[in-house]
Amino acid sequence: MAASTSFSSFIYLLLVVAFMTLYLVSHSPSNLHTRSHRRTLPGKRIKVRAVHHDKKHHDPVAFDPIVADFERRKEDLAWEKQHFEDQYKKLGEQLQKNGGISHHEEPYRGEPLKILKNDQVDPHDVDPDYEDPEEYLNDEDQFNITERLTSLFPLIDINPRDDYVTSLELLEWHLVQGKKAMLHRSDREMESHDKNHDGLVSLEEYLPHVLGAEQAAGHNSTEFDDAGWYKQQFEVCDRDNDGLLNATEFNDFLHPDDSNNPRVRQWCRLEQIRTHDTNKDGKIGWEEFHHGLFDQLQDEQDYHHPKLAEQLEAEKLVQSKRKFAELDRNKDGYLTEDEIAPVMEKLRPGELYYAKQQSDYLLHEADENRDERLSLDEMLNHPYIFYSTAYDEDEFDPAIHDEFR
């Protein structure tokens, strides 16, 4: 009887060990990697985007710093090509105007700009043998998305370190990536316009490259994109009033909506007032608000509802009056620059606004249990969400990341 009991216990112990072994193997990182990639990546290639950023368009920053670095390299090459094409075009125009004789300094002919000669991918190691970034990104042995998300997770989960990523932590992650890309562009522009290489840019160095020599000479007109308008913005960003912009001031000049300089932020608000102030009284009445600013404050989906146009307009009227009354703190029937401050993030979105959009999107798509935070398992279960900006649009369902477009 005792022997039978011992044998049964032994069999039970073997079953427990076998079950635990099976469990550990099925949840090992290598197996996670296999399941994840088999489910999400077959036939889909990661692309290095040609990123565009201007006053009317802002592409989302890549979630992975390695992908973002490759995108900056591609952007730099496109910028460099356009830069030299513009320079030689101006030279040709000067030669034609002067009968084949140039009286101006020839465009830059030397080696590429220093900012374009970056061989390092900070802070990650990339195999230098890969001349084609897309070859590297699509080689699973070199760039494994499951392993990348696993290594990035603790870099995001820092406030606090609790094995979960919150919306705020995602926002901070994207904000850092966005500001890094913004500063990179500013450094590139700084080197291009700083002709005497003193680390400073004057208005005289900058204007001819954006307006042309003749238009840059007239500093009187203050209309948008005229020389006088640039002069006003230049002076606002010049914190020490020395007539020159250092790297920080020049970044404020190029990206005023991301500046932490109170004077620059006030200038942005005044620009909004001036743009929509049709009767030029220095403030915004309700009619000016309703037919201008309010449209910028509306969510896009508000206008895709199957209702009659008259009903939509009536609802817009009610919402517009309600929003105007909310902003008009002193109830004088007008909005001043300080009263529109609460909605400036939406009127003139900067990196913080776009970082919040991206973090909200990722949390909404990957948060399986709706606890408003992401575990590593949830991220690994939805890897395509975090790399959606890097997939070829023709190969990836645009509905998954439509709000990024």
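Computed from a prediction, not measured in an experiment: that's the story for all the values here.

1. A word on the overall build of the chain
- Counting secondary structure elements, the chain contains 17 helices and 6 strands.
- Within the chain, the proportion of its 405 residues that are buried is 40%.
- Considering only contacts within the chain whose residues lie at least 6 apart along the sequence, 60% involve residues at least 24 apart.
- As displayed, the chain has an accessible area near 23,600 Å², and 54% of this comes from carbon and sulfur atoms.

2. So, the packing of aromatic side chains
- In the structure shown here, the tally under the stated rule is 16 aromatic pairs.
- Taken together, a centroid distance of 6.1 Å and an interplanar angle of 55° make the contact between Y136 and F143 tilted. Side by side, Y136 and F143 carry an identical accessibility label, which is buried.
- Relative to F253, the ring of Y230 lies with its centre 6.4 Å away and its plane at 45°, an arrangement referred to as tilted. Here Y230, found in helix α9 (residues 227–237), pairs with F253, found in helix α10 (residues 247–254); they are 23 residues apart in sequence, far enough to count as distant.
- Note on Y230: relative accessible area 9%, which makes it buried.
- Taking the relative accessible area as the measure of exposure, F253 reaches 4% and is therefore buried.
- One aromatic cluster in this structure is built from Y206, W229, Y230, F234, F250, F253 and W267.
- Residue placement shows K283 over the ring face of Y334; its charged tip is 4.3 Å from the ring centre.
- In this structure, R373 packs its charged tip against the face of Y164, placed 3.5 Å from the ring centre.

3. A few points about α9
- Counting buried positions along α9 yields 8 of 11 residues, so the element is predominantly enclosed.
- Those residues of α9 that sit buried are A227, G228, W229, Y230, Q233, F234, V236 and C237.

4. Here's the deal with the side chain of E339
- Along the chain, the position of E339 falls in the loop between β5 (334–335) and α14 (344–347).
- At 5.2 Å, R329 is the nearest oppositely charged side chain to E339, a buried residue that forms no salt bridge.
- Engagement of the side chain of E339 in a polar contact is seen with the backbone nitrogen of N330, the distance being 3.4 Å.
- Setting aside anything within four residues of it in sequence, one finds E339 in contact with L327, D328, R329, N330 and Y334.

5. Observations concerning the UniProt feature "domain: EF-hand" (unreviewed entry) in the chain
- Those places that UniProt annotates as "domain: EF-hand" (unreviewed entry) correspond, in this numbering, to residues 225–260, 273–299 and 315–350.
- Regarding residues 315–350, the helix share stands at 47% and the strand share at 6%, and the terminal C-alpha atoms are separated by 29 Å.

6. Describing the packing of helix α12 (residues 286–297) against helix α13 (residues 309–327)
- Between α12 and α13, the least distance of the axes is 10 Å, while the angle of their chain directions is 100°. Classed by the angle they form, the pair α12 and α13 counts as roughly perpendicular. Here W286, F289, H290, F294, D295 and L297 of α12 lie close against α13, whose contacting residues are E313, K316, L317, Q319, S320, K321, K323, F324 and L327.
- Classifying every residue of the contact of α12 with α13 gives 7 nonpolar, 3 polar and 5 charged.

7. Details of the packing of helix α6 (residues 167–193) against helix α15 (residues 351–366)
- Two elements in contact, α6 and α15, have axes separated by 8 Å at closest approach and are oriented at 135°. Of the possible angle classes, the one that applies to α6 and α15 is oblique. Taken as a pair, α6 and α15 cross one another with a handedness that is right-handed. Across the interface between the two elements, S167, L170, L171, H174, L175, G178, K179 and M182 of α6 pack against E351, L352, A355, K356, Q358, S359, D360, L362 and L363 of α15.
- Taken together, the residues of the contact of α6 with α15 sort by class into 8 nonpolar, 5 polar and 4 charged.

8. Quick word on the pattern of salt bridges
- One pass over the structure, following the stated rule, counts 17 salt bridges.
- Here R188 ties to D76 by a salt bridge, and the two come within 2.8 Å at their closest N and O atoms. You can see R188 sitting in helix α6 and its partner D76 sitting in helix α3 (residues 65–97), a full 112 residues away along the chain. Here R188 and D76 have matching classes, each one buried.
- Here K231 and E235 are joined by a salt bridge, their closest N and O atoms 2.6 Å apart. Taken together, the residues span about one helical turn, with K231 and E235 both in helix α9 at a distance of 4 residues.
- One connected set of salt bridges, linked through shared partners, spans E75, D76, R185 and R188.

9. What about the environment of E368?
- Inspection of the secondary structure puts E368 in the loop between α15 and β6 (373–374).
- Distance from E368 to E378, taken between C-alpha atoms, is 6.7 Å for residues 10 residues apart in sequence.
- Apart from the residues lying within four places of it in its own chain, the contact partners of E368 are E378, N381 and H382.
- Of the polar contacts made by the side chain of E368, one reaches the side chain of H382; its length is 2.9 Å.

Thresholds, definitions, all that
Residues numbered from 1 in each chain as written. Predicted model: local features only at pLDDT ≥ 70, side-chain atom pairs only at ≥ 80, totals over all residues. Heavy atoms only, no water. Helix = DSSP H or I, 4+ residues; strand = E, 2+ residues; numbered from the N terminus. Buried < 20%, exposed > 50% of the residue type's maximum accessible area, 1.4 Å probe, protein only. Contact = heavy atoms within 4.5 Å. Areas by Shrake-Rupley, 256 points an atom, 1.4 Å probe, with all protein chains shown as cover. Phe/Tyr/Trp six-rings, centres within 6.5 Å; stacked < 30°, edge-to-face > 60°. Lys NZ or Arg CZ within 6 Å of the ring centre and 35° of its normal. Lys, Arg positive; Asp, Glu negative; His and termini not counted. Salt bridge = Lys/Arg side-chain N within 4 Å of Asp/Glu carboxyl O. Polar contact = N/O pair within 3.5 Å; in protein donor to acceptor, adjacent residues only side chain to side chain. UniProt positions renumbered as here; feature names shortened; annotations may be inferred. Axes fitted to C-alpha atoms, helices over the stretch in contact; angles between N-to-C directions. Parallel < 35°, antiparallel > 145°, perpendicular 65-115°, else oblique. Nonpolar A, V, L, I, M, F, W, Y, C, P; charged D, E, K, R; others polar. Left-handed = near helix turned anticlockwise from the far one by under 90°.

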